[in-house]
Amino acid sequence: MATEFKRVSMIGLGYIGLPTAALMASRGLEVIGVDVNQSAVDTINAGDVHIVEPDLDIVVRSTVTTGNLRATTAVEPADAFLIAVPTPFKGEYEPDLRYVEAATRSIAGVIEAGNLVILESTSPVGTTEKVEQWLKEERPDLKFPSEHGDNTDIFVAHCPERVLPGHVLQELVSNDRIIGGIGQRSVEAATALYRLFVKGQCIPTNARTAEMAKLTENAFRDVNIAFANELSLICEKLEIDVWELIALANRHPRVNILQPGPGVGGHCIAVDPWFIVDSAPELAKLISSARHINDGKPGYVIDAVTRSSDRFKAPVVALFGLAFKANIDDLRESPAVHIAEQLGQHLDARVIAVEPNIESLPASLAGAGVELATINDALNTADIVVGLVDHDEFKSLSREKLQAKVVHDFRGMWAK
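Cut-off values and rules
- Residues numbered from 1 in each chain as written.
- Predicted model: local features only at pLDDT ≥ 70, side-chain atom pairs only at ≥ 80, totals over all residues.
- Heavy atoms only, no water.
- Pairing = 2+ DSSP bridges.
- Helix = DSSP H or I, 4+ residues; strand = E, 2+ residues; numbered from the N terminus.
- Buried < 20%, exposed > 50% of the residue type's maximum accessible area, 1.4 Å probe, protein only.
- Axes fitted to C-alpha atoms, helices over the stretch in contact; angles between N-to-C directions.
- Contact = heavy atoms within 4.5 Å.
- 1 Å grid on protein atoms, 1.4 Å probe; cavity = no way out; pocket = protein on both sides within 12 Å on 5 of 7 lines; lining within 4 Å.
- Points joined across faces, edges and corners; volume = space filled by probe spheres on them.
- Parallel < 35°, antiparallel > 145°, perpendicular 65-115°, else oblique.
- Left-handed = near helix turned anticlockwise from the far one by under 90°.
- Core = buried A, V, L, I, M, F, W, Y, C linked by side-chain atoms within 4.5 Å.
- Nonpolar A, V, L, I, M, F, W, Y, C, P; charged D, E, K, R; others polar.
- Expected span 1.5 Å × (residues − 1).
- Polar contact = N/O pair within 3.5 Å; in protein donor to acceptor, adjacent residues only side chain to side chain.

Draft legend 1. Seen up close, the sheet that holds strand β14 (residues 384-387). The 5 strands are arranged β13-β12-β11-β14-β15 in an open sheet whose pairing can be described as parallel. The strands lining the two open edges of the sheet, one partner per strand, are β13 (371-372) and β15 (406-409).

Draft legend 2. Representation of the pairing of strand β7 (residues 116-119). Neither face of β7 is exposed, since Leu 116 and Ile 118 on one face and Val 117 and Leu 119 on the opposite face are all buried. When β7 meets strand β8 (residues 155-158), the two strands line up parallel, connected through 4 bridges. What sits directly across from Leu 116, in β8, is Phe 155.

Draft legend 3. The arrangement of the sheet that holds β7 in detail. In spatial order, the strands read β3-β2-β1-β4-β7-β8-β9-β10; together these 8 strands make up an open sheet with mixed pairing. The open sheet terminates on both sides in strands that have one partner only, identified here as β3 (69-72) and β10 (202-206). Here the strands of the sheet are splayed against their neighbours by 25° on average, with no regard to which way each runs. The pairing of strand β9 (residues 177-181) with β10 spans 5 bridges and is classified as parallel. Note that in β10 the partner of Gly 181 across the bridge is Asn 206. Along the sheet, helix α9 (residues 207-238) makes contact with β8, β9 and β10, crossing β10 at roughly 115°.

Draft legend 4. Inspection of empty space enclosed by the protein at higher detail. Applying the stated criterion across every chain yields a total of 1 cavity of 30 Å³ or more. One number sums up the size of the largest cavity: a volume of about 40 Å³. Around the largest cavity, the lining residues are Glu 161, Arg 162, Val 163, Glu 171, Leu 172, Asn 175, Asp 176 and Arg 177.

Draft legend 5. Looking closely at the packing of helix α11 (residues 272-279) against helix α12 (residues 285-309). Running from N to C, α11 and α12 point in directions that differ by 140°, and their axes come no closer than 9 Å. The pairing of α11 with α12 is recorded here as oblique in orientation. Here the hand of the crossing between α11 and α12 comes out left-handed. Each of Pro 273, Trp 274, Ile 276 and Val 277 in α11 lies in contact with α12, whose residues at this interface are Ile 287, Ser 288, Arg 291, His 292 and Asp 295.

Draft legend 6. Broad picture of the nonpolar core. Core analysis: the largest hydrophobic core is formed by 44 residues, its most contacted members being Leu 69, Leu 82, Leu 116, Ile 118, Leu 193 and Tyr 194. With 6 residues, helix α1 (residues 17-26) is the largest single contributor of residues to this core. Counting residues in hydrophobic clusters, the runner-up holds 26 residues, among them Ala 304, Ile 339, Val 386 and Leu 388.

Draft legend 7. Seen up close, the layout of surface pockets. By volume, the second largest pocket amounts to about 550 Å³. Glu 236, Val 242, Trp 243, Val 407 and Asp 409 are the residues nearest the centre of the second largest pocket, which is lined by 21 residues in total. Elements that contribute at least two residues to the lining of the second largest pocket include exactly α9, α10 (242-249), α12 and β15. Take the lining of the second largest pocket: its biggest share by element is 5 residues, from α12. Considered class by class, the residues forming the lining of the second largest pocket number 11 nonpolar, 3 polar and 7 charged.

Draft legend 8. Summary view of α9. An ideal rise of 1.5 Å per residue puts 46 Å on 32 residues; α9 measures up with 47 Å between its terminal C-alpha atoms. The distance from a side-chain oxygen at the start of α9 to the backbone nitrogen of Arg 208 is 3.3 Å, and the residue carrying that oxygen is Asn 206. Backbone geometry just after α9 places Glu 239 at a positive phi near 60°.

Draft legend 9. Fine view of the side chain of Lys 214. If you trace the backbone, Lys 214 turns up in helix α9. Setting aside chain neighbours within four positions, we find Lys 214 in contact with Thr 122, Pro 160, Glu 161, Cys 268 and Asp 272.

Draft legend 10. Seen up close, the packing of α9 against α12. Where α9 contacts α12, the axes come no closer than 8 Å and their chain directions differ by 50°. The angle between α9 and α12 places the two elements in the oblique class. Relative to α12, the crossing made by α9 is left-handed. Between α9 and α12, the contacting residues are Ala 219, Asp 222, Val 223, Ile 225, Ala 226, Asn 229, Glu 230, Ser 232, Leu 233 and Glu 236 on the first element and Leu 286, Ile 287, Ala 290, Arg 291, Ile 293, Asn 294, Lys 297 and Tyr 300 on the second. Classifying every residue of the contact of α9 with α12 gives 10 nonpolar, 3 polar and 5 charged.

Structure below.
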């Protein structure tokens, strides 16, 4: 088995694919980034980035300049192929694997004996096996591990990422990595690749356990957030300051309640638990309940803002934050975006949004009549101020100016 990698292909150059590709290129590997977005490809080849992540622009510019990293829309031969494409859901929370399948079939024509194929996309249990099956359908001339074991031509593994936006480059190196292979030789091949840039432990397991591990991590966090969000609703009814309550409860040495918010967003926590529910709906009762609690929180926010607007003839509502979490530009699955869109469409008010990490609003919000504003403009014009994301820029807002507003703080930024 060849464990020396010289050329690596990264399929998908988004929030995980591009940082991983740039990091591998910085370690001296020749990395070919493949993406269907021609604009992203052109931006990367110019040494720039199309996403916001600290220091990513520096690494991309450096590796493009040295020739170690280049982007294209066409798949090329390589020693290893990493697939990092979206895995959303469709319909009633059914996993949508069309992007994974398309990426897999796209590389089938160029893979050769000795190649390693890694699925990095967070996926339902059994997806890595489907990747192998799709490759087998396209390349019956090659041997695959589920049938040929140690005599395989192609190594197939699932190695999920577990990084925090805003710290991706650091955590790609320092975090432990789960190496879930179809067969022992696939584990060994994938481990050899990740050890080129990962300082954390590379922990071996099988593909199914690796898939479930990532889903479990995010479902665990979702359940804990749901507890905090449900607690916030109960406290509202009982006229209790939820932020003070949580601070007091957390003084217990074995209690660590998370902070409530306007919902749960992002491409992981808001999505991954549904993959578990889909695989065992009759058993995943707690996980399903947590998802419904967190998915219902934006509706509670909308109702609260709507009730406040009734006291004004022509209210101006300022929404502070659109990203799915603090200090990033990522709007994927963001409850704040959903809230802004619904208020823009249905509230008889002027709705403005403050999001310091973006330069323009997504089409859905612009079409709903939402306006993008600066912090000062929002504070000077708003009747109602709504805290949705705890960006650093918002935490130091003038309490004097806030006192003159109707304030809904769903992140505890301005609590006493």
